[in-house]
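The lines below spell out each chain.
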Amino acid sequence: MTNASPATAPATAAPPGPVEEHRRSRTAVTGRLVGVDLARGLAILGMFAAHVGPDPSVGGPLGWTMELARGRSSALFAFLAGFSLILLTGRPEPRRGRAGRQAVGRVLIRAGVLIVLGYLLTALDTSIDVILSFYGLAFVLLLPLYRLRARTLAVIAAATALVLPQVLYVLRVAVDRGSWSDAVIAHDPLAWLTGSDGFLELLITGSYPVLTWVPFLIAGMAVARLDLSRAGVRAKIAVCGSALAVVGYGGSWLALHFVPGAETAIRAATDGAPTASAWWSDTLSQAYGDQVVDTPSWLLVAAPHSQTTFSILGNTGVAIFTVATCLAAMECSKRLRWLATPVTAVGSISLTAYVGHIVAIKVLGVDDLPDSAAVPVLLCFAAAAMVLAMAWTRIFRRGPLEVMLHAITAPARLIT
């Protein structure tokens, strides 16, 4: 979420020898991170589309684009949050010793700041489900994994994607049917401080439950551990992403069509809403997600935000393919890098851009617009973000909130 790499400023000239070799290494890393920033920028603009853009029901190419942005942008953002966790703790090899302890301290401080910032944005009372607090808790829970290798992380990501949605389903049914959750909330200090359901909401009942969003972050951690400078590696992860998308969305389509009674049960739980696009569209889960807690057939859909195995596989596949494509594009062509500069600038200050657009939505009162007004507002939001990001990054290495976050984590340097 944040531009965690120190290698964002142009490398200065250096004499031949080890210093020159180090400069070349930094340049290569920077080139790869430009691709990651491009993916971050696309995720941010996709969330703009989901939050202020027209409804997908407008149809045509515009409606399809809006549908594509919904849910998949936040999944890409989560995937890149996992990537950032590895950048913070050491890449390609994890930091160890004192440097490792300091990195852990920085991550824990960042996690706390993200949780606080998330609740502050939620207090603005917009229609947006703010994701930052969920990220903060996920960072804390996943920190013990930061030293693992890519293959191990990939296995854990797969296991959590297969198991945790079913666990979440059981827990949500238990919350819906029982009163024990009230006792948990009553003794939760986070619930007292925030006026929310506290950790129960972050883990189970919220819009981005950590139980089913950690697979995205772990997958991002796994990809970050790879040598992304190699074209062969980028090609392999692109194929892997494509395969996951096919398995996720295609598997859901097959299940909904061939599991007896599945579509009928979902239609009954959603007041007769059409289920033809439940294998990929976010419309159904956004409108009726709270009504299907006790409907096992819901576990067969792949709609973003549906918290199912199929949705996690499909959205992770889209995220991996997007990152691989962005990395390859930024490596292969200087012209493409130049053309993508406005989007990569947004991605390099993604925390500032994310927070800024929510504040702007609140100030301007544009979170519930008719479709006729939504397109101009979306274009203005995107244009303003890109222009401001380009202007800022021409002078400063980090965005305003990124600078704040960097300063707040400075005490971690005192860890011995």
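These numbers come from a predicted model, not from an experiment.

Colleague: In this structure, what is going on with the packing of aromatic side chains? I would like to understand it.
Modeller: Working definition: an aromatic ring pair is given by the centre-to-centre distance plus the angle between the planes. Evaluation of the coordinates by the stated rule reveals 9 aromatic pairs. Relative to Phe396, the ring of Trp392 lies with its centre 4.5 Å away and its plane at 35°, an arrangement referred to as tilted. The partly exposed category is assigned to Phe396, whose relative accessible area is 40%. Among the aromatic residues, those joined into a cluster by ring pairs are Phe134, Tyr208, Trp213 and Phe216.

Colleague: Please explain helix α6 (residues 150-177) as it appears in this structure.
Modeller: Side chains of residues three or four places apart in an α-helix project in the same direction, reflecting 3.6 residues per turn. With 28 residues, α6 extends 40 Å between its outermost C-alpha atoms, agreeing within 8% with the 40 Å of an ideal straight helix rising 1.5 Å per residue. At Val163, α6 shows its largest kink, close to 30°, and the proline Pro165 lies no more than four residues downstream. Within α6 the residues assigned to the buried category are Ala150, Leu153, Ala157, Thr160, Ala161, Leu164, Pro165, Leu168, Tyr169, Val173 and Val175. Tucked inside the fold, the buried residues of α6 contact α7 (180-186), α9 (198-205), α10 (210-224) and α14 (309-332).

Colleague: Teacher, can you tell me more about the confidence of the model for the chain here?
Modeller: Low-pLDDT portions of the prediction should not be read for the details of their coordinates. Predicted confidence across the chain gives a mean pLDDT of 89, with 92% of residues reaching 70 or more. Predicted confidence in the chain is weakest over helix α1 (residues 18-52), with a mean pLDDT of 72, and strongest over α10, with 98. Scored below 50 in pLDDT, residues 1-32 shows 48 contacts in the model against residues more than four places distant or in partner chains.

Colleague: Please clarify how the state of the cysteines should be interpreted in this entry.
Modeller: Here is the idea: a disulfide is a covalent bond, and it sits between the sulfur atoms of two cysteines. Evaluation of the coordinates by the stated rule reveals 0 disulfides. Residue Cys326 stays outside any disulfide, its sulfur separated by 11 Å from that of Cys332, the closest cysteine.

Colleague: Is there a simple way to think about the packing of helix α5 (residues 132-142) against α9 in this case?
Modeller: For any two helices packed against each other, one specifies the inter-axial angle together with the distance between the axes. Across the interface, α5 lies against α9 with an axial gap of 10 Å and an inter-helix angle of 85°. As the angle between them shows, α5 and α9 are arranged roughly perpendicular. Contacts from Ser133, Phe134, Leu137 and Leu141 in α5 reach Phe199, Glu201, Leu202 and Leu203 in α9. Taken together, the residues of the contact of α5 with α9 break down into 6 nonpolar, 1 polar and 1 charged.

Colleague: I would appreciate a short explanation of the pattern of salt bridges in the present structure.
Modeller: Opposite charge on two side chains permits pairing when their charged atoms draw close. Summed over the entire model, instances satisfying the criterion amount to 2 salt bridges. Asp37 is the salt-bridge partner of Arg40, the closest N and O atoms lying 2.7 Å from each other. Of this pair, Arg40 and Asp37 both sit in helix α1, 3 residues apart, which is roughly one turn of the helix. With respect to class, Arg40 is no different from Asp37; both count as buried. The salt bridge partner of Arg70 is Asp55, with a shortest N-O separation of 4.0 Å. Linking Arg70 in the loop between α2 (60-69) and α3 (72-89) with Asp55 in the loop between α1 and α2, this pair joins segments that are 15 residues apart in sequence. For Asp55, a relative accessible area of 30% gives the class partly exposed.

Colleague: Even after reading the chapter, I still don't get unusual backbone geometry, so can you show me in this structure?
Modeller: Peptide bonds are, in most cases, trans, and in most cases residues other than glycine have a negative phi. At the junction of Arg91 and Pro92, the peptide bond is cis and its omega measures out at 5° in the coordinates. Its location among the elements puts Pro92 in the loop between α3 and α4 (97-122). In this model, Asp125 sits at a positive phi of 65°, which is unusual for a non-glycine residue. Among the structural elements, Asp125 can be located in the loop between α4 and α5. Of note in the backbone geometry, Gln307 takes a positive phi value of approximately 60° without being a glycine. Looking at the secondary structure, you find Gln307 in the loop between α13 (283-288) and α14. According to the relative accessible area criterion, Gln307 is buried, its value standing at 7%.

Colleague: Just checking my understanding: could you explain the environment of Ser242 for this structure?
Modeller: Looking at where Ser242 falls in the secondary structure, it is placed in helix α11 (residues 231-258). Residues Ser242 and Gly206, spaced 36 residues apart in sequence, show a C-alpha to C-alpha distance of 29 Å. Every residue in contact with Ser242, bar those within four places of it in the chain, is listed here: Gly317 and Phe321.

Colleague: Teacher, can you tell me more about the environment of Val346 here?
Modeller: With respect to the helices and strands, the residue Val346 is situated in helix α16 (residues 341-348). Look at Val346 and you get buried, because its relative accessible area is 1%. The residues contacting Val346, other than those within four sequence positions of it, are Gly41, Ile44, Ala353, Ala385, Met386 and Ala389.

Reading guide: rules and limits
- Residues numbered from 1 in each chain as written.
- Predicted model: local features only at pLDDT ≥ 70, side-chain atom pairs only at ≥ 80, totals over all residues.
- Heavy atoms only, no water.
- Phe/Tyr/Trp six-rings, centres within 6.5 Å; stacked < 30°, edge-to-face > 60°.
- Buried < 20%, exposed > 50% of the residue type's maximum accessible area, 1.4 Å probe, protein only.
- Helix = DSSP H or I, 4+ residues; strand = E, 2+ residues; numbered from the N terminus.
- Expected span 1.5 Å × (residues − 1).
- Bend = angle between axes of the 7 residues up to and from the residue.
- Contact = heavy atoms within 4.5 Å.
- pLDDT = per-residue confidence, 0-100.
- Disulfide = S-S within 2.5 Å.
- Axes fitted to C-alpha atoms, helices over the stretch in contact; angles between N-to-C directions.
- Parallel < 35°, antiparallel > 145°, perpendicular 65-115°, else oblique.
- Nonpolar A, V, L, I, M, F, W, Y, C, P; charged D, E, K, R; others polar.
- Salt bridge = Lys/Arg side-chain N within 4 Å of Asp/Glu carboxyl O.

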